[in-house]
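One letter stands for each residue in the lines below.
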Amino acid sequence: MSEGEGETAGGEGQRLTELAKRRGFFFQSSAAYGGVAGFYTYGPQGATLKTNLEEAWRDRFVTREGHMEVDAPDVMPEAVFEASGHLDTFDDMIVECPACGATHRADHLIEDATDIEEAESMANAEAMEVIADNDIGCPSCGESLADEPVDNFNLMFGTNIGPGDSAPGYLRPETAQGIFVEFPQLAEYARNQLPFGVAQVGKAYRNEISPRKSLVRVREFTQAELEHFVDPETDEPPLERVADVELPLYSADAQQREGGDGDDTGEPVEMTVREAVDEGVVESEWVAFYLGLAKGWYERVGVDMDRFRYRQHLPGELSHYASDTWDAETEIDGDWVEVTGFAYRGDYDLTNHAAHSGEDYDVFKQYDEPVTVERPTVDPDMSELGPEFGGEAEAVAAALEELAERDPDAFRTEDGTVTVEVDGEAYAVPVEQTGFAVEEVTEAGERVTPHVVEPSFGVGRLVYTVLAHAYETDEVDGQQRTYLSLPPALAPTTVGVFPLMDRDGLGERAREVAADLREAGLSVTYDDSGAIGRRYRRQDEVGTPFCVTVDYDTLGEGDSPELEGTVTVRERDTTAQHRVAVEELSGTLRALRDGSLEFGEIG
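What counts and what doesn't
Note that residues are indexed from 1 along each chain, following the sequence as it is written. Totals for whole chains, interfaces and linings use every residue, but because this is a predicted model, local features are given only for residues with pLDDT of at least 70 and side-chain atom pairs only at 80 or more, for both listing and counting. In computing side-chain properties, one takes all heavy atoms of the structure into account and sets aside hydrogens as well as water. A simple rule labels every residue: compare its accessible area, found with a 1.4 Å probe on the protein chains alone, to the largest value its type can have, and call it buried under 20%, exposed over 50%, or partly exposed in between. Secondary structure counts use DSSP, requiring at least four H or I residues in a row for a helix and at least two E residues in a row for a strand, with both numbered from the N terminus. This arc is built from the directions going out from the helix axis to the C-beta atoms. Here, residues are in contact when the closest pair of their heavy atoms is within 4.5 Å. Whenever a carboxyl oxygen of Asp or Glu lies within 4 Å of a side-chain nitrogen of Lys or Arg, that contact is scored as a salt bridge. Take the buried Ala, Val, Leu, Ile, Met, Phe, Trp, Tyr and Cys residues and link them wherever side-chain atoms come within 4.5 Å; each set so joined is a nonpolar core. Only strands joined by at least two bridges in the DSSP assignment are considered to pair. Angles here are taken between N-to-C directions and fall from 0 to 180 degrees, while the axes themselves are lines fitted to C-alpha atoms, restricted in helices to the stretch in contact.

Trainee: Honestly, helix 6 (residues 124-133) in this entry has me stumped. Any pointers?
Mentor: The periodicity of an α-helix, 3.6 residues per turn, causes residues three or four places apart in sequence to face the same way. Those residues of helix 6 that sit buried are A127, V130 and I131. The arc that holds the buried residues of helix 6, viewed along the axis, is 100 degrees, so those residues lie on one side. Exposed side of helix 6, more than 90 degrees from the buried face: A125, E129 and D133 are the residues found there. Looking at the buried positions of helix 6, the neighbouring elements they touch are strand 5 (91-96), helix 5 (106-113) and strand 7 (150-154). Immediately downstream of helix 6, the backbone of D135 shows phi near 45 degrees, a positive value.

Trainee: Help me understand the pattern of salt bridges in this model?
Mentor: Between side chains of opposite charge, a pair can form as their charged atoms come close. In total, this model carries 43 salt bridges according to the counting rule given. The partner of E541 in a salt bridge is R23, and the shortest N-O contact between them spans 2.8 Å. Here the residue E541 occupies a position in helix 18 (residues 532-541), and R23 occupies one in helix 1 (residues 12-23), the gap between them amounting to 518 residues. Across the pair R105 and E208 runs a salt bridge whose closest N-O atoms are separated by 3.5 Å. In this pair, R105 is assigned in strand 6 (residues 103-105) and E208 in the loop between strand 10 (196-205) and strand 11 (220-230), connecting sequence segments 103 residues apart. Note on accessibility: R105 and E208 belong to one class, buried. Connected through shared salt-bridge partners, D92, R105, D107, E120, E208 and R217 make up one network.

Trainee: Even after reading the chapter, I still don't get the nonpolar core, so can you show me in this structure?
Mentor: Generally speaking, soluble globular proteins have nonpolar side chains that are buried together. With 66 residues, the main nonpolar core has W57, Y298, Y310, F342 and F457 as its most contacted residues. When residues no more than four places from it in sequence are discounted, the contact partners of F457 are W57, F61, T222, Q223, A224, A294, W297, Y298, V339, T340, F342 and L462. Counting 21 residues, the second-largest nonpolar core is a separate cluster that includes V524, V567, F599 and I602.

Trainee: What's the story with unusual backbone geometry in this structure? I'm lost.
Mentor: A cis amide bond links L194 with the next residue in sequence, P195, at an omega value of -5 degrees. Relative to the helices and strands, P195 is located in the loop between helix 8 (183-189) and strand 10. A positive phi angle is found at D147, which is not glycine, with a value near 75 degrees. The topology assignment puts D147 in the loop between helix 6 and strand 7.

Trainee: Help me out: how do you make sense of the sheet that holds strand 6 in this one?
Mentor: Whether parallel or antiparallel, the strands of a sheet pair through hydrogen bonds between backbone atoms. Taken together, 3 strands build an open sheet; the order of strands is 6-5-7 and the sheet is antiparallel. The open sheet has two free edges, formed respectively by strand 6 and strand 7, since each of these has just one partner strand. Sheet twist, expressed as the mean angle between neighbouring strand axes with direction ignored, is 45 degrees. Two elements, strand 5 and strand 6, share 3 bridges in a ladder whose sense is antiparallel. Note on strand 6: the bridge partner recorded for I94 is R105. Contacts from helix 5 reach strand 5, strand 6 and strand 7, with the element oriented near 70 degrees to strand 6.

Laid out in structure tokens, this is it:
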């Protein structure tokens, strides 16, 4: 297998990849130079489908929820990723073939060769044992990989910012950090009022060890991410909006269960959002809210709900920033593919950026009325602490301040001393030298570090899913037909316009109709090449939901004078047809596209 080819799925995946290349949905980039695995170009059909999917996401998760959107740079300085933890923890497990030198992602080898579904959660030593026990060989040359070390490989793409002694930077591995690092400014735009959400749709980059399965695992991809900032003490989601939504949940407990009632086979358990929260299956109400909100959106964009589940991350899978994560997964070719991660990130990101940058990454929450509180304070006598503790005196004073805030009762001891720890060594300090006191202060509010709830959607994987789930075959007029049953609002082209034949003025009138429909804001393709049946098939295969045919009746020159000024509108999935007046055509097609009119309701 060459570097340019990568892996493709069999069966369904092969059919889809062939169709995608032939009809301009997506294809491997730079094929003229041999191609590079993990990079794809979206063709004319695919680019429009991807754009429509992104707009559908914005409509649901940004516009309708009242959130903001930003567009941050793809390249960010090294300090951002030191703070975020990506430089230290953003790794996959890699194993190198001793014979041919090919490198492979160890967890993928294990999943392909065994019944283990989530090898990503394994420790490297455990993965090495499984490879040896199953005598897993190199996919490139067949050499045994038993006893070969399994190491960590950081997925970040590094670069330099500027010439000469340039500053190190990285292509972002997620769009989220472009939001987190700008939180102080974004909080001002939100008037420091929690909760608020910030969204971003953009490219992310991961230097994958073994890109495979077409758009499923690539090195450059588009994310649609929402970072919802909430006060963990007071902000609650509008759970009543989605309380009755049925969720197919495959919990961590079910995945780890051996035998029993069969949940360990991968079958999700159906329960409502309210039941999932009340029974503790989904720990965070905010995550549960977004699981419910997203399910309806997946249905609208064409995900087959019989091939869909929410799977909870196992403890070993959790990202360094997450306390709980659920993935939306879709089934393609017998494999479950993650398309979205719903994570509760807590205050990890904002706290780390505050610590590394020295800036404030919190908001001031004003009380309805000022309150008087007792505030413990210390004012250490450095003339006593200095001679007693020498170079550690400042650190001891700082430890006393931290202890007073955390546990003021520690200063109320029988022997009159308080003990603090600095670098693992205990220091006993007379309380009278600490200046400990409890003062009454009036406060107008408090500073709150928000927690973050993150739904993160993989746009390319959703494009792949929608195409795979829309792929249909049937028989029309004795011939096999392939078509994409895409939702009309998502389809790259809304309507194909044809003259019955390009003569006797039919072509001119059909081109006029096409121009009018484009002017009305519809996506239109015009085709006068070949038999009308073949033109229908071409549009069916790229998912165009409606076709309009201009015929002799349209011109008033057919056998039915009463049909003058009308055209035939054909629906893709059923191939049913209705006559529609030209002056009503654009409004009818817009209503069909937007879902406010069913095809059977025409006429």
